[in-house]
Amino acid sequence: MNQMRQIRPERPLEDVVQPLDVLIVGAGISGIAAARYLRVDRPGDSFVILDEMESFGGTWLTHRYPGIRSDSDLHTFGYGFKPWVGPPLATADKILDYMGEVIDEHGLAKELHFGWRIGTAEWNSATNLWTVTAHHGAEGRTVRLQARFLWMCQGYYRHSEGYTPDWPGMADFGGEIIHPQNWPEDFDGTGKRMVVIGSGATAATLVPNVADQVEHVTMLQRSPTYFRSEKNEIPIANHLRKLQVDEDWIHEIVRREILLFGHDFTNRCFSEPEAVKADLIGVAKRYLGDDFDVERHFTPSYLPWRQRIARIPDGDLYKALSTDRADIVTDEIERFEADGIRLKSGDLLKADVVVTATGFNLCAFGDIAFSVDGAPVDFHDTVGYRSMMFTGVPNLVWVMGYFRSSWTLRAELVAQFVTRLLDHMQETQKARVTPRLREGERDMPLYDWADEEDFNPGYLLRGQHLLPKRGAGNDWRLNQDYWTEKDEFAAIDFDDEVFAYG
């Protein structure tokens, strides 16, 4: 258990001097990055970090199911400013330890306030301030905070509950139904038959990690997913350590190698999709053997990278499915029955425990009621400037990371953008900035935020109505290409007409 998880601020939230320069919402990987960049690049700014959970960590605190680990390598999911030393795919406790070290090294503990749920955020153009109402449910306290700038780092899904479809007969099931976001601390699977519904990273992590804890586990999927199976190590990092190269250098070299490989792999997914498909499925065949029905269970109907490609270190999922403790079924659910799940094929999957690894509920802006000068904000009526600022909404930045690369890469680009923007506003004595369409862009066609032809996971498609619109060009959509964005972000001109100051 990471000792930093018991952080307590130096002063109650009610005693914070207002107005704050920046209010950070969320103490996960993005929020800690935001705080670190403020501390280093703008040491004179006052800020606090609010999080509804009992400690920092976000995703890595919410998910406590067996084997919970990163699906991105920690050399790029970790921060650029702090070397990662360890296996590239890391468990949640190691990630929390790493984040705790960042908090300690940059003195961020005194700015962290946990248990606070933000209900409203109101912008007033007369004062150029956000007024935020936060409630501490456990202690029954409500506080109003004012801040010049609001930095939304709370992520994109609701942490309190995951997405579980409403299948017929669920109330008739005599066993236990668990969503991975609400894993019971006292769970004991001894002697139980478990069915894990899902085909993504969570299901692929759970199955090999519960196979030796339960009598039998079945991975039940409606359709297959692509998996990448690699050794959970970075050979070049191991070699450089033998040469006693400094860890800062190793971190930078490994990051660049991983980023270049990821960039080339993504491009190949779109230029040679059938070849990539054959490669990925070929790995499954090598692990599972000629007698396994790879065509049915591990051959998706879509092309690579139209949905996230899950990673399975050292082929652990394939290895589990090669034993008599685990199997996989590809079918659809007809209904739940008292002793299991009836499939549309007519088969009955007997189960004592059903785990619904079926995804997230999108929560793009923290379920907060936003308003600007008394008018409610519907973000679906706005257009997203690089999916981080929104037309008509002043002094607010939202962090949305990458789906095809590590989330943190974009969180850090956004952090660097924000500190530069705040520098510019201070130098030009501006109190307000609002993105707007340029003169030549006001008639451009607008679309729902997610492009279904490019990236189409279920949680995004279900939540399109909660997200801003996108337009043409990189300025008005979420770009998935870190190699492009790292240069474009660095070149952003804060005197561009896209920024309206006041």
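Here is a short report on the structure shown in this document. Throughout, a residue's number is its position along its own chain's written sequence, starting from 1. Predicted model: local features are reported for residues with pLDDT of at least 70 only, side-chain atom pairs are reported and counted for 80 or more only, and whole-chain, interface and lining totals are derived from all residues. Heavy atoms throughout the structure, all of them, feed into the side-chain values; hydrogens and water do not.

## With respect to the overall build of the protein chain
Part 1: Each helix corresponds to a stretch of at least 4 residues labelled H or I by DSSP, and each strand to a stretch of at least 2 residues labelled E; elements are numbered beginning at the N terminus. Of regular secondary structure, the protein chain possesses 13 helices and 23 strands.
Part 2: For a compact globule the rule gives 2.2 Å times the number of residues to the power 0.38, and the radius of gyration it is set against comes from C-alpha atoms. Taking 23 Å as the expected radius of gyration for a compact globule of 502 residues, we find that the protein chain reaches 23 Å, a close match to that expectation.
Part 3: Seen through its principal axes, the protein chain has C-alpha atoms that stretch 70 × 50 × 50 Å.
Part 4: Burial status follows relative accessibility: with a 1.4 Å probe on protein chains alone, a residue under 20% of its type maximum counts as buried, one over 50% as exposed, and anything between as partly exposed. Going through the 502 residues of the protein chain one by one, you find that 56% of them count as buried.
Part 5: Sequence separation of 24 or more characterises 72% of the internal contacts of the protein chain that already satisfy a separation of 6 or more. Contact between two residues is taken to exist if any of their heavy atoms lie within 4.5 Å; hydrogens are not considered.

## Concerning the side chain of Ser 70
Part 1: Here Ser 70 shows up in the loop between α2 (59-62) and α3 (74-77).
Part 2: Under this definition, polar contacts are N or O atom pairs within 3.5 Å; protein pairs additionally need one hydrogen-donor-capable and one acceptor-capable atom, and for neighbouring residues in sequence, both atoms have to be side-chain atoms. Of the polar contacts made by the side chain of Ser 70, one reaches the backbone oxygen of Ser 72; its length is 3.0 Å.
Part 3: Other than its neighbours up to four places away in sequence, Ser 70 contacts Trp 60, Pro 88, Leu 89, Ala 90 and Ile 95.

## Examining helix α5 (residues 201-210)
Every α-helix winds through 3.6 residues per turn, so residues three or four apart in the chain are directed the same way.
Part 1: Of all 10 residues in α5, seven are buried; the element is thus mostly enclosed.
Part 2: For α5, the full list of buried residues reads Ala 203, Ala 204, Thr 205, Leu 206, Val 207, Pro 208 and Val 210.

## Regarding the pattern of salt bridges
Part 1: Just to be clear on terms, a salt bridge is a Lys or Arg side-chain nitrogen sitting within 4 Å of an Asp or Glu carboxyl oxygen. Overall, the coordinates contain 35 salt bridges when judged by the stated rule.
Part 2: With a closest N to O distance of 3.0 Å, Asp 496 and Arg 438 form a salt bridge. Of the two residues, Asp 496 sits in the loop between α13 (482-490) and β23 (499-501) while Arg 438 sits in the loop between β22 (433-435) and α12 (458-462), which places them 58 residues apart along the sequence.
Part 3: Within this structure, Arg 386, Arg 410, Arg 438, Glu 441, Asp 475, Glu 485, Glu 488 and Asp 496 form a network of salt bridges that share partners.

## Some thoughts on unusual backbone geometry
Part 1: For the bond running from Gln 18 to Pro 19, omega is 0°, close enough to zero to count as cis.
Part 2: Its place among the elements puts Pro 19 in the segment before β1 (20-25).
Part 3: We note that Ser 387 has phi near 50°; this positive angle belongs to a residue other than glycine.
Part 4: Position of Ser 387 among the secondary structure elements: in the loop between β19 (384-385) and β20 (389-390).
Part 5: Assessed through its relative accessible area of 1%, Ser 387 is described here as buried.
Part 6: In this model, Asn 395 sits at a positive phi of 50°, which is unusual for a non-glycine residue.
Part 7: Note on placement: Asn 395 falls in the loop between β20 and β21 (396-398).

## Quick look at the sheet that holds strand β16 (residues 353-356)
Part 1: In short, DSSP must find at least two bridges between two strands for them to pair. Taken together, five strands build an open sheet; the order of strands is β7-β16-β8-β9-β12 and the sheet is parallel. Sheet topology places β7 (176-178) and β12 (326-330) at the edges, where each strand pairs with a single neighbour. Along the sheet, successive strands turn relative to each other by an average axial angle of 20°, direction set aside.
Part 2: Pairing between strand β9 (residues 216-221) and β12: five bridges, direction parallel. Looking across to β12, one finds that Leu 220 is bridged to Val 329. Axis definition: a line fitted to C-alpha atoms, limited for helices to the stretch in contact. Angles are taken between N-to-C directions and run from 0 to 180 degrees.

## Focus: helix α8 (residues 273-288)
Part 1: Over its 16 residues, α8 extends 23 Å from the first C-alpha to the last, a length consistent with the 22 Å expected when each residue adds 1.5 Å.
Part 2: Within α8, the full set of buried residues consists of Pro 273, Val 276, Lys 277, Leu 280, Ile 281, Gly 282, Val 283, Ala 284 and Leu 288.
Part 3: In this fold, the buried residues of α8 make contact with β10 (227-230), α7 (247-271), α9 (294-297) and α10 (316-321).
Part 4: Positive backbone phi, approximately 90°, marks Gly 289, located one or two places after α8. The span one expects for a helix is its residue count, reduced by one, times 1.5 Å.

## Let's talk about the environment of Val 353
Part 1: With respect to the helices and strands, the residue Val 353 is situated in strand β16.
Part 2: Taking the C-alpha atoms as reference points, Val 353 and Val 195, separated by 158 residues in sequence, lie 6.4 Å from one another.
Part 3: Every residue in contact with Val 353, bar those within four places of it in the chain, is listed here: Phe 173, Glu 176, Ile 178, Phe 187, Lys 192, Arg 193, Met 194 and Val 195.

## Some details on the sheet that holds strand β13 (residues 333-337)
Part 1: Taken in spatial order, the three strands make up an open sheet running β13-β14-β15, and their pairing is antiparallel. Each edge of the open sheet is held by one strand with a lone partner, namely β13 and β15 (348-350). With direction set aside, neighbouring strand axes in the sheet form an average angle of 20°.
Part 2: Pairing of β13 with strand β14 (residues 340-343), which is carried by four bridges, proceeds in the antiparallel orientation.

## Points about the nonpolar core
Part 1: With 138 residues, the main nonpolar core has Ile 24, Leu 150, Trp 151, Met 194, Phe 298, Phe 370 and Phe 417 as its most contacted residues.
Part 2: By residue number, the principal contributor to this core is helix α11 (residues 407-427), which donates 11 residues.
Part 3: The set of buried Ala, Val, Leu, Ile, Met, Phe, Trp, Tyr and Cys residues whose side-chain atoms join them within 4.5 Å is what this entry labels a nonpolar core. Ranked by size, the runner-up nonpolar core spans 14 residues in total, among them Met 170, Ile 333, Ile 341 and Ala 351.

## Side note on the pairing of β14
A regular strand places its side chains so that they alternate between the two faces of the sheet.
Part 1: Following β13, the chain reverses through two residues before pairing antiparallel with β14.
Part 2: Taken together, the three bridges between β14 and β15 define a ladder with antiparallel strand orientation. Within β15, the residue paired with Arg 342 across the bridge is Leu 348.

## Some thoughts on the packing of aromatic side chains
Part 1: When two rings of Phe, Tyr or Trp (its six-membered ring) have centres within 6.5 Å they constitute a pair, described as stacked for plane angles under 30 degrees, edge-to-face for angles over 60, and tilted for the intermediate range. Enumeration according to the criterion identifies 36 aromatic pairs in this entry.
Part 2: Taking the centre distance of 5.5 Å and the plane angle of 85° together, the rings of Tyr 226 and Tyr 302 count as edge-to-face. Residue Tyr 226 is located in the loop between β9 and β10, and its partner Tyr 302 is located in the loop between α9 and β11 (310-313); the two are separated by 76 residues in the primary sequence. For the pair Tyr 226 and Tyr 302, a shared accessibility class is recorded, and that class is buried.
Part 3: Judged by centre distance (5.4 Å) and plane angle (80°), the rings of Phe 379 and Phe 390 are edge-to-face. Pair noted here: Phe 379 is in the loop between β18 (375-376) and β19 and Phe 390 is in strand β20, with a separation of 11 residues, a long-range link. Judged on exposure class, the residue Phe 379 and its partner Phe 390 are both buried.
Part 4: Over a ring means this: the NZ of a Lys or the CZ of an Arg is within 6 Å of the ring centre and within 35 degrees of the ring normal. Over the ring of Phe 265 we find Arg 228, and its NZ or CZ is 4.8 Å from the ring centre.
Part 5: The side chain of Arg 462 reaches across the aromatic face of Tyr 163, ending 3.5 Å from its centre.

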